[in-house]
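Per-entry structural report
Listed here are the chains, written in short residue letters.
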Amino acid sequence: MSKPTYSFTTPIYYVNAAPHLGTAYTTIAADTVARYQRMNGCDVAFVTGLDEHGQKVAETGEKNGMTPQEWCDSMVPAFKETWDMLDITYTDFVRTTEERQTRTVQKFWTDLYEKGYLYKSAYEGWYCVHEETYYAENDLEKNEEGEFVCPDCHRPVRRASGEENWFFKLSEFQEPLLKFYEEHPEFIRPETRKNEIVTFVKGGLQDLSISRSTFDWGIPLPFDEGHVCYVWADALLAYLTGIGYADPEREGEFERRWPMQYHFVGKDITRFHCVIWPAMLMAAGLPITGTVFGHGFLLVGGEKMSKSKGNGIKPADLVEVFGVDAYRYYFMSDVRFGADGNISIERMTQVYNADLANTWGNLCSRVFNMVGKYFDGKVPAVPAEFADAPNPLKDIADALYEKYDACMADVNFTDAAAAAQELASRVNLYVEESAPWNLAKSEETQGELAFVLYNAAEACRILALFFAPFMPNTSAEVFRRLSLGAIEEVDDIKAASVWGQLPAGNDVEKGDPLFPRLDVKDIQL
């Protein structure tokens, strides 16, 4: 029987900005979903990539003495190396300068042209090169010098007067979009984003310029080759390219995977994904993605991170201090997905020590050490007389899949991690209550000692499964120390997490601490 598909995207990131904590946050979230849904038996498509066209890219390349293509090529390693460092398991990395993206874009817009959704006209208004966005004058702000500035990045805008563009009839989709939002309340999440989008659309939609004719760094429109596709009308379509749209070498894949379950984006680009994108899909007669999830910003001292404010810490800086798995765990567990999150080294260290060093890491160390000390490093067999004995760990573990799965289906990473931590904390308490070190003193309690340490070790096995989407390397190491198979091969976590599957007699390796404690005073960034 074929696996069910589970498909989703990050944004197609802008090539001019190297990966930062914000882009890493979105990408780790998507990877956490990818890893879990693979373990849950799904055929996963996880699409990411780079948006490489537009006026700003061409100008930046020129400033750096390169052609636009050379500039884009020079930026690709920064992304791929960062995603490799963070153990990101994307299935497709789409560059908008690839031939396959050209094929997608030209096929899509030719279809809409033939259906009568495009028309040619002169544009009158304002354009922000940095945001690659057109604005009506009443949408702009003014700076201290009285210049019109972009409402998003606050840079001066340029007058775009008389440029001939092709326009998409976005205004025709106001009522269809409002009806769609009402019939599909899950489409825009969280709810605060939905309210903003509905209010915006109710205010009226203007037709959208989808081409430029004053520069040539973009995909030519086949029905008017003096025009290149405007950046958003290009980049959004990479989501289709990543699952085989118009690709003769991937026949049938697009039909199998579309519509996707999710687009994961930052809240600053929800308007493009929740207004322009579904209108484009409606015009094309294609189904619409299940949910656009617009997560919040990462804040340092209450301000969004930016280089100009001096608070733009790089992912590699934090990985060097905390390690990849702890980095991933912190951002998924402590920063609730959907809300803005205040981050700090102090808080990151606190979570690291409390959840990982003191709870999960300490649990593995003490249990594996005691198995080594009392049972010669072999998983003890549970004596027959304890087969039906009360087992508080089994009770929690038996309920864990349903609770965790519901959280992950809802992309509620914080509560999914908390559900696993609840079991980890209970195992530590169980060890304290059972006091194996006292049970080991008497021959009469050897059976109970075996029962207690089997339970604790089995709980570690199950915890490794549920921590794997967050901390894949640590979970793989716990499986290795328990002489189990490759955790990456688990494709039915519900069945794999049923209690009692840790084989008695397996070698158990003590190993070094998984998460050595950190002192925030020793961290230099």
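For the structure itself, look to the data block above.
Residues numbered from 1 in each chain as written. Predicted model: local features only at pLDDT ≥ 70, side-chain atom pairs only at ≥ 80, totals over all residues. Heavy atoms only, no water.

**Focus on the overall build of the protein**
Quick reminder of the rule: Only DSSP runs of H or I reaching four residues or more are called helices, and only runs of E reaching two or more are called strands; each is numbered from the N terminus. For the radius of gyration, the atoms used are the C-alpha atoms, and the globule rule reads 2.2 Å times the number of residues raised to 0.38. With a 1.4 Å probe rolled over the protein chains alone, any residue whose accessible area is under 20% of its type maximum counts as buried; one over 50% counts as exposed, and the rest are partly exposed. In this description, contact between two residues means that some pair of their heavy atoms is separated by no more than 4.5 Å. Using a 1.4 Å probe, the Shrake-Rupley method yields the accessible areas, and only the shown protein chains count as cover for residues. The charge count includes Lys and Arg as positive and Asp and Glu as negative, but it does not include His or the ends of the chains. Taken as the charge centre is NZ of Lys, CZ of Arg, CG of Asp or CD of Glu, depending on the residue.
For the protein, the helix and strand inventory stands at 19 helices and 18 strands. Relative to its length of 525 residues, the protein is compact, with a C-alpha radius of gyration of 27 Å against a globular reference of 24 Å. When the backbone C-alpha atoms are referred to their principal axes, the protein occupies close to 95 × 55 × 40 Å. In the protein, which comprises 525 residues, the proportion classed as buried is 56%. A fraction of 77% describes how many contacts in the protein between residues 6 or more apart in sequence connect residues 24 or more apart. Accessible surface, the protein as shown: approximately 22200 Å² in total, 48% of it carbon and sulfur. Averaging the locations of the 49 positively and 80 negatively charged side chains of the protein gives two centres separated by 2 Å.

**Some words on unusual backbone geometry**
In this structure, Pro-190 follows Arg-189 across a cis peptide bond, with omega equal to -5 degrees. By the element assignment, Pro-190 lies in the loop between β9 (188-189) and α6 (191-202). Here the residue pair Trp-258 and Pro-259 is connected by a cis peptide bond, since its omega of 5 degrees sits within 30 degrees of zero. Locating Pro-259 in the fold gives a position in the loop between α9 (253-257) and β14 (262-266). For Ala-246, which is not glycine, the phi dihedral falls at a positive 60 degrees. Here Ala-246 lies in the loop between α8 (238-241) and α9. Of note in the backbone geometry, Val-411 takes a positive phi value of approximately 45 degrees without being a glycine. In this structure Val-411 comes out as buried when scored by relative accessible area, which is 1%.

**Section: the packing of helix α13 (residues 345-375) against helix α18 (residues 472-481)**
As a reminder, the rule being used: Interaxial angles span 0 to 180 degrees and are taken between N-to-C directions of axes, which are lines fitted to C-alpha atoms, for helices over the stretch in contact. Angles below 35 degrees are treated as roughly parallel, those above 145 as roughly antiparallel, those between 65 and 115 as roughly perpendicular, and all remaining angles as oblique.
At their nearest, the axes of α13 and α18 sit 12 Å apart, and the two run at 10 degrees to each other. Here α13 lies roughly parallel to α18, going by the angle between them. Where α13 approaches α18, its residues Trp-360, Cys-364 and Phe-368 are matched on the opposing element by Thr-474, Val-478 and Arg-481.

**Some points on the side chain of Arg-100**
The criterion, for reference: The definition of a polar contact used here is a pair of N or O atoms within 3.5 Å, where within protein one atom must be able to donate a hydrogen and the other to accept one, and adjacent residues in sequence count solely through side-chain atom pairs.
On the secondary structure map, Arg-100 appears in helix α4 (residues 99-114). Looking at Arg-100, the relative accessible area reads 17%, which means it is buried. Side chain to side chain, Arg-100 and Glu-98 meet in a polar contact 3.2 Å long. Beyond its immediate chain neighbours, meaning those up to four positions away, Arg-100 contacts Asp-92, Phe-93, Val-94, Thr-241 and Arg-250.

**Focus: the environment of Leu-502**
Tracing the chain through its elements places Leu-502 in the segment after α19 (493-496). Residue Leu-502 is classed as buried on the basis of its relative accessible area, which comes to 2%. Sequence separation between Leu-502 and Pro-380 is 122 residues; the distance between their C-alpha atoms is 9.9 Å. Leaving out residues up to four positions away in the same chain, Leu-502 has contacts with Val-379, Tyr-454, Ala-457, Glu-458, Arg-461, Leu-482 and Leu-484.

**Remarks on the sheet that holds β14**
Strand-to-strand pairing in sheets goes through backbone hydrogen bonds, with the strands running parallel or antiparallel. For the record, the criterion: Only when DSSP finds a minimum of two bridges between them are two strands counted as paired.
Sheet architecture is open: six strands sit in the order β3-β2-β1-β14-β15-β9, paired in parallel fashion. The open sheet terminates on both sides in strands that have one partner only, identified here as β3 (92-95) and β9. In this fold helix α1 (residues 21-39) packs onto β1 (5-14), β2 (43-51), β14 and β15 (291-295), with an angle of close to 165 degrees to the strand it touches most, β1.

**Here's the deal with the pattern of salt bridges**
Note the cut-off: When a carboxyl oxygen of Asp or Glu lies within 4 Å of a side-chain nitrogen of Lys or Arg, that pair is called a salt bridge.
Summed over all chains, the structure comprises 33 salt bridges. In this structure, Glu-98 engages Arg-100 in a salt bridge whose closest nitrogen and oxygen atoms are separated by 3.2 Å. Judged by its relative accessible area of 26%, Glu-98 falls in the partly exposed class. When salt bridges with common partners are traced through the structure, they connect Asp-43, Asp-92, Glu-98, Arg-100, Arg-250, Glu-253, Arg-256 and Arg-257 into a single cluster.

**Description of the pairing of β2**
Worth spelling out the cut-off: Call a crossover right-handed when, viewed with both strands pointing away from you, the route from the first strand across the helix to the second goes clockwise.
With eight of nine residues buried, β2 is to be regarded as a mostly interior element. Inspection of the sheet shows β1 paired to β2 by eight bridges, in the parallel sense. Looking across to β2, one finds that Ile-12 is bridged to Gly-49. Handedness of the crossover is the feature at issue here: the chain leaves β1, passes through α1, returns alongside β2, and the resulting connection is right-handed. Pairing geometry for β2 and β3, over four bridges, is parallel. Each bridged residue has a counterpart across the sheet, and for Val-47 the counterpart in β3 is Asp-92.

**Looking at the environment of Glu-59**
Along the chain, the position of Glu-59 falls in helix α2 (residues 55-63). Among the residues examined, Glu-59 registers a relative accessible area of 25% and is labelled partly exposed. Separated by 435 residues in the primary sequence, Glu-59 and Lys-494 have C-alpha atoms spaced 52 Å apart. In contact with Glu-59, other than residues within four places in its own chain, are Val-129 and Arg-158.

**A closer look at the packing of helix α12 (residues 324-333) against α18**
For clarity, the cut-off: Asp, Glu, Lys and Arg are counted as charged, while Ala, Val, Leu, Ile, Met, Phe, Trp, Tyr, Cys and Pro are counted as nonpolar; the rest, among them Gly, fall into the polar class.
Taken N-terminus to C-terminus, the directions of α12 and α18 make an angle of 120 degrees; their axes are 7 Å apart at the nearest point. On the basis of the axis angle, α12 is oblique to α18. On α18, the residues touching Val-324, Asp-325 and Arg-328 of α12 are Pro-472, Asn-473 and Thr-474. In terms of residue class, the contact of α12 with α18 is built from two nonpolar, two polar and two charged.

**Focus on the sheet that holds strand β12 (residues 220-221)**
Here three strands make up an open sheet; going across it, the order is β11-β13-β12 and the pairing antiparallel. The sheet is open, and its two borders are formed by β11 (211-212) and β12, each paired with just one other strand. In terms of strand pairing, β11 meets strand β13 (residues 224-229) through two bridges, oriented antiparallel. Across the sheet, Arg-212 pairs through a bridge with Val-228, a residue of β13.

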